[in-house]
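Chain by chain, the residues run as shown.
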Amino acid sequence: LVVCTGWKTASRTDTIARLFLSVQRGSMKVKIAVSALIPFAAILVLHSTLHAQPPTKSVWDGVYTQEQADRGKALYSTACASCHGAELTGGEMAPGLAGGEFISGWDGLTVGDLFERIRISMPQNAPGSLSGQQNADILAFMFSVNKFPTGTADLAKEAGILKQIKFEGKKP
């Protein structure tokens, strides 16, 4: 079998060999690029691990404002109350978000952990549909219902910042 390639005629074997070599050269470039990127990725992971600090604040340090909790209350009633109950006591399929069981379930974790859980999985009928600010406002409302003290600054809307706040069930 002979394949016509423009002015030249080449056998099918020659054409396949040329294609193989060009693919091989292309994959070699990819291998070199990946080999060069792996050390940089490792450095980034180690850098973030080394700089990850344990929580420096607690929910008992006043990490939200009353105004933020008020905004969160309005959002909670439209986005959360149908499943978790108007009083945050839970429903048939949704856990309570106030009281001893809720607090003990999150004790020792970070506010960032709770924020990420909400951000990724809530509301149940449209996970991830709320903004970071809306999630932070709802979280502030949950803190107010659970009697954590207010502060002078709004709760942040970035999970990385919230990872610096420890969720402690009992006041230290």
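Here's a quick rundown of the structure. This structure is a prediction, so every number in the text was calculated from the model and none was measured. (Residues numbered from 1 in each chain as written. Predicted model: local features only at pLDDT ≥ 70, side-chain atom pairs only at ≥ 80, totals over all residues. Heavy atoms only, no water.)

Focus on the packing of helix α2 (residues 66-79) against helix α6 (residues 132-145)
Their axes nearest at 7 Å, the elements α2 and α6 cross at an angle of 105°. With respect to α6, the axis of α2 lies roughly perpendicular. Of α6, the residues touching α2 (which contributes Gln 68, Ala 69, Arg 71, Gly 72, Lys 73, Leu 75 and Tyr 76) are Gln 133, Gln 134, Ala 136, Asp 137, Ile 138, Ala 140, Phe 141 and Ser 144. Its residues assigned to classes, the contact of α2 with α6 shows seven nonpolar, five polar and three charged. (Axes fitted to C-alpha atoms, helices over the stretch in contact; angles between N-to-C directions. Helix = DSSP H or I, 4+ residues; strand = E, 2+ residues; numbered from the N terminus. Parallel < 35°, antiparallel > 145°, perpendicular 65-115°, else oblique. Contact = heavy atoms within 4.5 Å. Nonpolar A, V, L, I, M, F, W, Y, C, P; charged D, E, K, R; others polar.)

A short note on the nonpolar core
If you look at the biggest cluster of nonpolar residues, it comprises 33 residues, and the most contacted ones within it are Leu 114, Leu 139, Met 142, Phe 143, Leu 155 and Phe 167. Listing elements by their share of this core, those giving two or more residues are α2, α4 (100-106), α5 (111-121), α6 and α7 (159-162). Element by element, the count of residues in this core is highest for α6, at seven residues. With residues up to four places along the chain from it excluded, the contact list for Phe 143 reads Val 59, Val 63, Tyr 64, Val 111, Leu 114, Phe 148, Leu 155 and Phe 167. (Core = buried A, V, L, I, M, F, W, Y, C linked by side-chain atoms within 4.5 Å. Buried < 20%, exposed > 50% of the residue type's maximum accessible area, 1.4 Å probe, protein only.)

Brief notes about the pattern of salt bridges
Counted under the stated rule, the structure contains four salt bridges. Salt-bridge contacts for Lys 163 lead to Asp 113; the nearest nitrogen and oxygen are separated by 2.6 Å. Of this pair, Lys 163 sits in the loop between α7 and β4 (165-166) while Asp 113 sits in helix α5, placing them 50 residues apart in sequence. Overall, Lys 163 belongs to the partly exposed group, its relative accessible area being 35%. Taking relative accessible area as the criterion, Asp 113 reaches 23% and is therefore assigned partly exposed. Residues joined by salt bridges that share partners form a network here, namely Arg 71, Asp 137 and Asp 154. (Salt bridge = Lys/Arg side-chain N within 4 Å of Asp/Glu carboxyl O.)

Take it as geometry only, folks, not as evidence of what the structure does.
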